[in-house]
Amino acid sequence: MTTKRIPFVAGNWKMFKTIAEARQLVSEMIPGLQAVKGVEKVLCPPYTSLLAVKALLEGTDIGCGAQNMHWESSGAFTGEISPNMVAELCQYVIIGHSERRTYFGETDETVNRKIKAALINGLIPIMCIGETLQENEAGLTKQVLEKQITGGLVEVVLPKANQTGKVNLIIAYEPVWAIGTGKAATSTGADSVIGDIIRPAVAKIFGDEVAQSMQILYGGSVKASNAQEFFAQPNIDGALVGGASLKVEEFVPIVQAAGN
Ligand code: PGA
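Computed from a predicted model, the values in this text were never measured in an experiment. Every chain is numbered on its own, with residues counted from 1 as its sequence reads. Whole-chain, interface and lining totals are the exception, using all residues; otherwise, since this is a predicted model, local features are given only for residues with pLDDT of at least 70 and side-chain atom pairs are given and counted only at 80 or more. The side-chain values count all of the structure's non-hydrogen atoms but skip hydrogen atoms and water molecules.

### A look at the environment of Y173
Selection criterion: Secondary structure elements follow DSSP: runs of H or I no shorter than four residues count as helices, runs of E no shorter than two count as strands, and numbering proceeds from the N terminus. Summary of the burial criterion: residues with accessible area below 20% of their type's maximum are buried, those above 50% are exposed, and those between are partly exposed, where the area comes from a 1.4 Å probe applied to protein chains only. In this analysis, two residues are considered to be in contact whenever any of their non-hydrogen atoms come within 4.5 Å of each other.
Looking at where Y173 falls in the secondary structure, it is placed in strand β6 (residues 170-173). Among the residues examined, Y173 registers a relative accessible area of 2% and is labelled buried. Sequence separation of Y173 and D237 is 64 residues, and the distance between their C-alpha atoms is 11 Å. Those residues in contact with Y173 that sit more than four places away from it in its chain are I129, G130, E131, T141, L145, A190, V193, I194, I198, L217, Y218 and G219.

Listed below in structure tokens is the structure:
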């Protein structure tokens, strides 16, 4: 039985906000976000602010997530944070963001290790995939996405779905050329990539039921003015929002649009 997909919006703060700034932003956002029902809302601040943000979100229906993690649970890995450390603070973790792949050498193989480690530690990974402009223009979108999906999900075993049937893995389709550029994909274009390429690739691995129940997001220059258009598409279940998640007057309306 497939499960109705609940709209999902996550804010990826990237490397922005000190602890004091994070506290202020979250305090300003909570009332607006809390007022929207029927949408899963998640904030992903930098590690240093996770504890402060978690404390502020206590008693709300807003979740939090980390932006990355290592796959080992402990060890001599200077500068890294382990899955169990992340799991003490939040429920979600972004894995394989294109900035991690581009600037920090992440590959489908490291993404795969991280996805497995996240799931073992009870975290819900938000796995990012997307093609570059060059790949897009060369007509390689399908090939690239299928490789990222199969490579990232090798031997991944999803935990048994809970009573709600929610799949504990989220995919974010983020075309690299649309991230932080102000040049979003078209809503229908993103919808067909998800519907024609990503869901079928997921179905090949986990079966139809999981593919139809999995929340698949769009990311890349989502803002208050274009969010509604994306959320109106049948295959787009929400958004991973970067720049606009740092502004109350942008992020709250995006979440509201997901609830409409
Ligand atoms: P953007 O970033 O919304 O600023 O384009 C999206 C992301 O990187 O997740």
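### Section: the packing of aromatic side chains
Going by this rule: Stacked, tilted and edge-to-face pairs are distinguished by plane angle, under 30 degrees for stacked and over 60 for edge-to-face with tilted covering the rest, among Phe, Tyr and Trp rings (Trp via its six-membered ring) whose centres lie within 6.5 Å. Whether a charge sits over a ring comes down to the Lys NZ or Arg CZ being within 6 Å of the ring centre and within 35 degrees of the ring normal.
The full count for this structure, using the stated rule, is four aromatic pairs. Centroid distance Y218 to F230: 4.4 Å. Interplanar angle 10 degrees. Geometry classified as stacked. Here Y218, found in strand β7 (residues 216-219), pairs with F230, found in helix α10 (residues 224-231); they are twelve residues apart in sequence, far enough to count as distant. Sitting over the ring of F104, R100 keeps its end group 4.2 Å from the ring centre.

### Some points on unusual backbone geometry
The phi dihedral of K17 is positive, around 85 degrees, even though this residue is not glycine. Along the chain, K17 falls in the loop between β1 (8-12) and α1 (19-34). Positioned with a positive phi, S221 is a non-glycine residue whose angle comes to about 60 degrees. Its location among the elements puts S221 in the loop between β7 and α10.

### Details of the site of the ligand
Stated formally: For each residue, the test is whether any non-hydrogen atom lies within 4 Å of the molecule or strand; if one does, the residue is near. Counted as a polar contact is a pair of N or O atoms within 3.5 Å, where, for protein atoms, one must be capable of donating a hydrogen and the other of accepting one, and residues adjacent in sequence contribute only when both atoms are in side chains. Surface accessibility follows the Shrake-Rupley procedure with a 1.4 Å probe radius. Residue values consider only the protein chains on display as shielding. Under the grouping applied here, Gly and all other residues not named as nonpolar or charged are polar, the nonpolar ones being Ala, Val, Leu, Ile, Met, Phe, Trp, Tyr, Cys and Pro and the charged ones Asp, Glu, Lys and Arg.
By nearness alone, 13 residues border the ligand, and K14, H97, E174, G180 and S221 come closest of all. Contact distances for the ligand include 2.7 Å between an oxygen atom and a side-chain N or O atom of E174. Compared with its free state, where it exposes 280 Å², the ligand has 95% of that area covered by protein. Across the shell around the ligand, the residue classes break down as four nonpolar, seven polar and two charged.

Note that every value here comes from positions in space, so none of it alone points to a role or purpose.
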